[in-house]
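# Chain and residue survey
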Amino acid sequence: MRELRLGCKIVSTLLKNSLQYPGRLLLDIVAMLSWCGVCLLLYRYVFTLNGGTIKGTTFDVVAWSMFLYFAFSTLRLRSLTKTITQDVISGNVEMLFNKPVSYLVYRFWWQIGEGMLSFLVIAPISVLVMVALLGVPTTMANWFFLATLPIAMLGSALLSLMFYGIFGVIAFWMTDPAPIQWIADKFVMVLAGSYLPVAFFPKIMYVLARFSPFGGTLILSQMPYTTWKTDAWMLLSVQYLWILILGTVLVVMFRIAKQRVSINGG
Amino acid sequence: MRNELSFALYSIKKNFQNSAELRTSFLMNIVGMALNNVAFIVIWACFVKAVGIVNGWTVADIYGLMGFSALSFGVFHTLLGGIHLIPDAVAKGSFDRFMLSPKNLIVRIATSAMSVSAIGDFVFGVICLWLYLAMIHGGLLQLVFVISGAIIATVVMSTFWLFISSLSFLFSDPKVVVDGIESFFMAPTLFHGGAFQGWLRVFFTFIIPSLLVGALPVEAVKSVSLWQLGLLLLLALFWFLISIWAFYKGVRRYESANLTTFGS
């Protein structure tokens, strides 16, 4: 309970802080337009060229799938790796270890708070724009989709925190873990269906997208497809299983990492 | 001119020596970035497999696209990476130290920093272009076109970056503006070039020159068209002149913060 109160306090403080820097929000809006917007325009053109359907999927389904990826990304949970790495490199981690709260929990809440304003502003507005421009596919216009959406979102957020947390903690062992972090991040980018919709994946990639933690961190992109209704519980179970596994790995790694830290004082 | 060039070479050499000091990290950054870029090849190769050939663009062209984009990005950030620091230097007032230097201002700031990971982009770009030439069974003529295309792409990449960095002198929070335009510029350099048609192609050629960096050089090589290459050269020259004009125009608006500092 105390940790939850602390979390709410961190998130609300960072929200107030973000309001003072509207430039960052503007930047996130531009990024959403340039990466997601241009990508969707290209796909619209390609679908028109192919008569409206590719591999049995229509443009609106593909567009919503990719949009959900980009909308969730505005939370910027992937920056957790960079934040932890910077803490370790700068030595800031020593100071945070002395606080009466768990370092990891503190950083989780901090990361959520950092991207919260962009998410709260961009996601609802862009959902309205998408509805106005494309409508809602039948696969999303039902109670089952709405009921599973919060579960999948919570799972994606938790798995992202565990996944990116692990790659952040690597900084305790390596001088410059950035190259490993880039590669892991690209695995997520490819397998979560950012620029290439899940429906276009070859068989091996499709299996990896469904059962690996890379695809699981952004399971939302699989929700607009017709297969969601039949596979939802299985995919969600896999996602929550990965949360357990990666959560355990993160805790163990962090315990070992803590023993490696030498406090310089000063 | 010779003095400026030898200063630039000396500065770049020092940047390399500085970065290579941490040998393992240096090598890991290069290899890591090269591997990291493979993701875009995977994405667009799967795209071509699923969708088929769009406006004549095959998997080979994707290699060409990634080759030109990565190589130009790599050369720019390795040799002229300091341009990237202009918005920050202007916002913090540390631009003074460059202005006080007796060297050419653009050369001084451009060669003041480098990105190690960009060497990985460069290596990746060279490999992709070599594979591209092999896949299209290119001869000497195509090789000349590829080299010309790579030079044009690098000039456009560097000068457009200098141009948007010059906007820093106009705004109180330059990082947001520059990063925003940078985002719009970079995204299409990595997207399937065949899908850019109509107004989108015009916009990303003449307003924001993203297609000059990747897609249009690929199409020039494919068609072995001197006319196309000439047009690209003209546009590159335009961005070269306009960026230098914009930079010096912007510098006049710079208000010193009396923060001279030392070092690079």
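In what follows, the accompanying structure is described. Because the structure is predicted, anything quoted here is derived from the model rather than measured. (Residues numbered from 1 in each chain as written. Chains lettered and ligands numbered in written order. Predicted model: local features only at pLDDT ≥ 70, side-chain atom pairs only at ≥ 80, totals over all residues. Heavy atoms only, no water.)

A separate point is empty space enclosed by the protein. Residue and element names in this part refer to chain A. This model, assessed by the stated rule, comprises one cavity of 30 Å³ or more. Roughly 70 Å³ of volume is contained in the largest cavity. If you trace the largest cavity, you find it lined by Ser18, Tyr21, Arg24, Leu25, Asp28, Arg76, Glu114, Leu117 and Ser118. Elements supplying a minimum of two residues to the lining of the largest cavity: helix H2 (22-49) and helix H6 (103-134). Residues of the lining of the largest cavity, tallied by class, amount to three nonpolar, two polar and four charged. (1 Å grid on protein atoms, 1.4 Å probe; cavity = no way out; pocket = protein on both sides within 12 Å on 5 of 7 lines; lining within 4 Å. Points joined across faces, edges and corners; volume = space filled by probe spheres on them. Helix = DSSP H or I, 4+ residues; strand = E, 2+ residues; numbered from the N terminus. Nonpolar A, V, L, I, M, F, W, Y, C, P; charged D, E, K, R; others polar.)

Attention shifts here to a nonpolar patch on the surface. Residues and elements named next belong to chain B. The grouping of Leu140, Leu143, Val144, Ile147 and Ile151 at the surface amounts to a nonpolar patch, some 470 Å² of accessible area in total. Relative to the assigned elements, Ile147 resides in helix H8 (residues 140-166). For Ile147, a relative accessible area of 46% corresponds to the partly exposed category. (Patch = residues over 30% accessible without salt bridge, like charges linked within 9 Å, V, L, I, M, F, W, Y side chains within 5 Å. Areas by Shrake-Rupley, 256 points an atom, 1.4 Å probe, with all protein chains shown as cover. Salt bridge = Lys/Arg side-chain N within 4 Å of Asp/Glu carboxyl O. Buried < 20%, exposed > 50% of the residue type's maximum accessible area, 1.4 Å probe, protein only.)

What follows covers the interface of chain A and chain B. One frequent convention defines the size of an interface as the accessible area lost when the parts assemble. At the junction of the two partners, chain A supplies 34 residues and chain B supplies 36 residues. A buried area of about 3000 Å², summed over both sides, lies between chain A and chain B, and 83% of it is on carbon and sulfur atoms. For chain A, the biggest contributors to the area lost against chain B are Trp35(A), Leu42(A) and Trp182(A); these three give 20% of the whole. Across the chain A-chain B interface, the total number found is zero salt bridges. Linking chain A with chain B are six residue pairs in polar contact (both at pLDDT 80 or more), by the criterion used here. Looking at the side of chain A that touches chain B, the elements that each hand over two or more residues are H2 and helix H8 (178-191) of chain A. For the side of chain A that touches chain B, the element with the most residues is H2(A), which contributes 17 residues. Taken together, the residues of the side of chain A that touches chain B sort by class into 27 nonpolar, three polar and four charged. (Contact = heavy atoms within 4.5 Å. Buried area = accessible area lost by both parts, 1.4 Å probe. Polar contact = N/O pair within 3.5 Å; in protein donor to acceptor, adjacent residues only side chain to side chain.)

Residue and element names in this part refer to chain B. For the pair H8 and helix H13 (residues 226-251), interaxial distance at closest approach is 8 Å and the crossing angle is 25 degrees. Comparing their axes, H13 and H8 come out roughly parallel. Regarding H8 and H13, the two cross each other, and that crossing is left-handed. Within the contact between the two elements, H8 uses Phe145, Ser148, Gly149, Ile152, Val155, Val156, Thr159, Phe160, Leu162, Phe163 and Ser166 and H13 uses Leu226, Leu229, Leu232, Leu233, Ala236, Trp239, Phe240, Ile242, Ser243, Ile244, Ala246 and Phe247. Residues of the contact of H8 with H13, tallied by class, amount to 18 nonpolar, five polar and no charged. (Axes fitted to C-alpha atoms, helices over the stretch in contact; angles between N-to-C directions. Parallel < 35°, antiparallel > 145°, perpendicular 65-115°, else oblique. Left-handed = near helix turned anticlockwise from the far one by under 90°.)

Turning to H8(A), a few remarks are in order. Residue and element names in this part refer to chain A. Taking 1.5 Å as the rise per residue, H8 with 14 residues should run 20 Å; its terminal C-alpha atoms sit 20 Å apart, in good agreement. Within the sequence span of H8, burial applies to Ala178, Pro179, Gln181, Ala184, Asp185, Lys186, Val188, Met189, Val190 and Leu191. One or two steps after H8, the chain reaches Gly193, where phi turns positive at roughly 80 degrees. (Expected span 1.5 Å × (residues − 1).)

The subject of this paragraph is the side chain of Ser65(A). All names here are of chain A. Note on placement: Ser65 falls in helix H3 (residues 59-73). Owing to a relative accessible area of 0%, Ser65 belongs among the buried residues under this scheme. Ignoring anything within four residues of it in the chain, the contact list for Ser65 reads Ser221, Pro224 and Tyr225.

One way to put it is that H8(A) packs onto helix H2 (residues 23-51) of chain B with a least axis distance of 8 Å and a crossing angle of 5 degrees. Comparing the axis directions of H8(A) and H2(B) gives the class roughly parallel. Between H8(A) and H2(B), the residues in contact are Pro179(A), Ile180(A), Trp182(A), Ile183(A), Lys186(A), Met189(A) and Val190(A) and Met28(B), Asn29(B), Gly32(B), Met33(B), Leu35(B), Asn36(B), Ala39(B), Phe40(B), Val42(B) and Ile43(B), respectively.

Glancing now at the nonpolar core. A general tendency of soluble globular proteins is for nonpolar side chains to be buried together. One finds Tyr43(A) and Phe95(B) to be the most contacted residues of the largest nonpolar core, which totals 159 residues. When residues in this core are grouped by element, the largest group, twelve residues, is from H3(A). Ignoring sequence-local partners within four residues, the contact set of Phe95(B) consists of Ala89(B), Val90(B), Leu105(B), Ile109(B), Phe169(B), Phe247(B), Val251(B) and Tyr254(B). Among the nonpolar cores identified, the runner-up in size contains six residues, and Ala20(B), Phe26(B), Met114(B) and Val116(B) belong to it. (Core = buried A, V, L, I, M, F, W, Y, C linked by side-chain atoms within 4.5 Å.)

Moving on: the environment of Gly155(A). All names here are of chain A. Mapped onto the secondary structure, Gly155 falls in helix H7 (residues 143-169). You can call Gly155 buried: its relative accessible area is 0%. Note: C-alpha distance between Gly155 and Ser34 (121 residues apart in sequence) is 27 Å. Contacts of Gly155, omitting those with residues within four sequence positions, involve Gln239, Tyr240 and Ile243.

Turning to the pattern of salt bridges, a few remarks are in order. Residues and elements named next belong to chain A. Under the defined criterion, the tally for this structure stands at seven salt bridges over all chains. For Asp28, the salt bridge goes to Arg76, with nearest N and O atoms at 2.7 Å. Placement of the pair is Asp28 in helix H2 and Arg76 in the loop between H3 and helix H4 (79-90), with a sequence separation of 48 residues. For Asp28, a relative accessible area of 15% corresponds to the buried category. Asp231 is paired through a salt bridge with Arg210; the nearest N and O atoms lie 2.6 Å apart. Linking Asp231 in helix H11 (residues 228-260) with Arg210 in helix H9 (residues 203-211), this pair joins segments that are 21 residues apart in sequence.

Applying the stated criterion across every chain yields a total of 41 aromatic pairs over all chains. Each ring, one from Tyr195(A) and one from Phe191(B), has its centre 5.4 Å from the other, and the planes form 55 degrees; the classification is tilted. Here the residue Tyr195(A) occupies a position in the loop between H8 and H9, and Phe191(B) occupies one in the loop between helix H9 (174-189) and helix H10 (199-207), the pair thus bridging two chains. Comparing Tyr195(A) with Phe191(B) shows no difference in burial state: the two are buried. Between the aromatic rings of Trp161(B) and Phe185(B), the centroid separation amounts to 6.4 Å while the plane-to-plane angle is 90 degrees, which identifies the pairing as edge-to-face. On the criterion of sequence distance, the pair formed by Trp161(B) in helix H8 and Phe185(B) in helix H9 is long-range, its members being 24 residues apart. An identical accessibility class is assigned to Trp161(B) and Phe185(B); each is buried. One aromatic cluster is present, built from ring pairs that chain together Trp35(A), Tyr43(A), Phe47(A), Phe59(A), Tyr69(A), Phe70(A), Tyr195(A), Phe200(A), Phe40(B), Trp44(B), Phe47(B) and Phe191(B). Residue placement shows Arg24(A) over the ring face of Tyr21(A); its charged tip is 5.0 Å from the ring centre. In this structure, Arg107(A) is placed above the aromatic ring of Trp110(A), and the distance from its NZ or CZ to the ring centre is 5.4 Å. (Phe/Tyr/Trp six-rings, centres within 6.5 Å; stacked < 30°, edge-to-face > 60°. Lys NZ or Arg CZ within 6 Å of the ring centre and 35° of its normal.)

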